[in-house]
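Summary of structural features
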Amino acid sequence: MALALSFKPLPLPLPSPSPLPSRRFSCSCSAVTQPDSSSTSLSSSPVTYRPAVILPGLGNNTGDYQKLTLTLQGYGVSTVVAKVSRIDWLRNAAGLVDPNYWRGTLQPRPVLDWYLNRVDEAVNEALKQSQGGPLSIIGHSAGGWLARVYMEEFTEANKNISLLLTLGSPLQPPPKGVSGVVDQTRGLLDYVEKNCKKAVYSPELRYVCIAGRYIYGSRLFGNSDPATSIPVSIEQSVPDASITSESGTLISTGATFRTRFVGQGYKQVCGQADVWGDGVVPEVSAHLEGALNISFDGVYHSPVGSDDESRPWYGSPAIVEQWVHHLLN
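Here the structure is a predicted model, which is why all the values come from computation and not from measurement.

The rules behind the values
- Residues numbered from 1 in each chain as written.
- Predicted model: local features only at pLDDT ≥ 70, side-chain atom pairs only at ≥ 80, totals over all residues.
- Heavy atoms only, no water.
- Helix = DSSP H or I, 4+ residues; strand = E, 2+ residues; numbered from the N terminus.
- Buried < 20%, exposed > 50% of the residue type's maximum accessible area, 1.4 Å probe, protein only.
- Contact = heavy atoms within 4.5 Å.
- Areas by Shrake-Rupley, 256 points an atom, 1.4 Å probe, with all protein chains shown as cover.
- Phe/Tyr/Trp six-rings, centres within 6.5 Å; stacked < 30°, edge-to-face > 60°.
- Lys NZ or Arg CZ within 6 Å of the ring centre and 35° of its normal.
- Axes fitted to C-alpha atoms, helices over the stretch in contact; angles between N-to-C directions.
- Parallel < 35°, antiparallel > 145°, perpendicular 65-115°, else oblique.
- Left-handed = near helix turned anticlockwise from the far one by under 90°.
- Nonpolar A, V, L, I, M, F, W, Y, C, P; charged D, E, K, R; others polar.
- Right-handed = clockwise from strand over helix to strand, strands pointing away.
- Pairing = 2+ DSSP bridges.
- Salt bridge = Lys/Arg side-chain N within 4 Å of Asp/Glu carboxyl O.

1. Observations regarding the overall build of the chain
- Within the chain one finds eight helices and eleven strands.
- When each of the 329 residues of the chain is scored for burial, the buried share is 56%.
- Contacts in the chain between residues far apart in sequence, at least 24 positions, make up 78% of those at least 6 positions apart.
- When the accessible area of the chain is evaluated, it comes to approximately 14,100 Å², of which 55% is carbon and sulfur surface.

Now the structure itself:
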């Protein structure tokens, strides 16, 4: 998945289906408050924009977001990517010597201090660009909930953050007492839920949580039956054998080896296999109560293994076009 420590690596790239002619994307949104005028067309936006700090997800490195930074620069948004290499993630193994790891009560600090310090360096660099003005934080995958930890712990820099935008981030802990579910964060997401401030969507600070509906998971055995499904926080439709998204991406939803494999990954995150998700993180886990929650059809989890045409990820140009207005003042 995309959490921390014993979290599963991203699945190997799967064969991409053939794209269809249409390239429009659809999304659904929900929020406790209505979006403000920043969600209007780009042509009506002012010319000065907040710098954005990009936080890599588990297993990703700084270079994975190079194309995203170029895309955002095209809209006039300067970016700083936290400096992370793939080998850096091995530092998380330090948690194995912490008794809390085995109890499932692990805390982000000190095991993730190395990452939080990289975030702080990137934020300070962006503050120089903004001359002490407001910033946006873009957290991909685990970078989304790590951003929440950073905002809780580094309160001085936090004063300048006016937007947290998460892309396919697992933001809720897995349910307790579900057979076959092991908390792969070993308690980290429980800590975040209990100790980090609740999501808000206000003029001072906006949480925007974006999820992808790339593939519908299947149970390991038997067929999916909505009557016996574990209740989840948002309504999800049960798909037909296959669905073509408006992006032109064919989304296979029949009970195949692929959907069962993906479904087992979803189950470890939200407790249920037969749900929509981006291939790694379930849609229900990527949303937060109190935030502006958005879902995009046909959007894959990671820049690794993605294809802007047939398998776009959250940072593909056609997808960025749908959410970039949140970064504009």
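Text resumes after the structure shown.
2. Here we look at unusual backbone geometry
- A cis geometry characterises the amide bond from R109 onward to P110, with omega recorded as 15°.
- Looking at the secondary structure, you find P110 in the loop between α2 (99-103) and α3 (113-130).
- The phi dihedral of Q131 is positive, around 55°, even though this residue is not glycine.
- Residue classification places Q131 among the exposed positions, given a relative accessible area of 75%.

3. Thoughts on the packing of aromatic side chains
- Counted according to the given criterion, the structure contains eight aromatic pairs.
- Relative to W114, the ring of W89 lies with its centre 5.3 Å away and its plane at 85°, an arrangement referred to as edge-to-face. Here W89 is found in the loop between β3 (79-81) and α2, whereas its partner W114 is found in helix α3, with 25 residues between them in sequence.
- On the basis of relative accessibility, which here comes to 8%, the residue W89 falls in the buried class.
- Ring geometry for Y150 and F154: centres 4.7 Å apart, planes at 20°, overall stacked. A single burial state applies to Y150 and to F154, both of which are buried.
- Three or more aromatic residues link up through ring pairs in this structure, and these residues are W89, W114 and Y115.
- If you follow R206 out to its NZ or CZ, it ends over the ring of Y201, 5.9 Å from the centre.

4. Points about the packing of helix α4 (residues 142-153) against helix α6 (residues 188-195)
- Taken N-terminus to C-terminus, the directions of α4 and α6 make an angle of 45°; their axes are 10 Å apart at the nearest point. With respect to α6, the axis of α4 lies oblique. In this structure, the crossing between α4 and α6 has a hand that is left-handed. Across the interface between the two elements, W145, R148, V149, E152 and E153 of α4 pack against L188, L189, Y191, V192 and N195 of α6.
- Taken together, the residues that form the contact of α4 with α6 break down as six nonpolar, one polar and three charged.

5. Re the pairing of strand β2 (residues 52-55)
- Alternating positions in β2 separate into two faces, A52 and I54 on one and V53 and L55 on the other, with burial throughout.
- Of the crossover connections in this fold, the one passing from β2 over helix α1 (residues 66-74) to the parallel β3 is right-handed.
- Note: β2 against strand β4 (residues 135-140), four bridges, orientation parallel. Bridge assignment links L55 to a residue of β4, and that residue is G139.

6. Topic: the pattern of salt bridges
- Inspection of the entire model under this criterion finds 13 salt bridges.
- Taking the shortest distance from any N to any O, the salt bridge between E283 and R213 comes out at 2.8 Å. Within this pair, whereas E283 is found in the loop between β10 (276-277) and β11 (292-297), its partner R213 is found in strand β6 (residues 206-213), the two being separated by 70 residues in sequence. Here E283 matches R213 in class, with each residue buried.
- One connected set of salt bridges, linked through shared partners, spans D88, R91 and R118.

7. What to know about the packing of α3 against α4
- Following both chains from N to C, one finds α3 and α4 inclined at 80°, their axes separated by 10 Å at the closest point. By the angle between their axes, α3 is roughly perpendicular relative to α4. Facing Y115, L116, V119, D120 and V123 of α3, the residues of α4 in contact are G143, L146, V149 and Y150.
- Taken together, the residues that form the contact of α3 with α4 break down as seven nonpolar, one polar and one charged.

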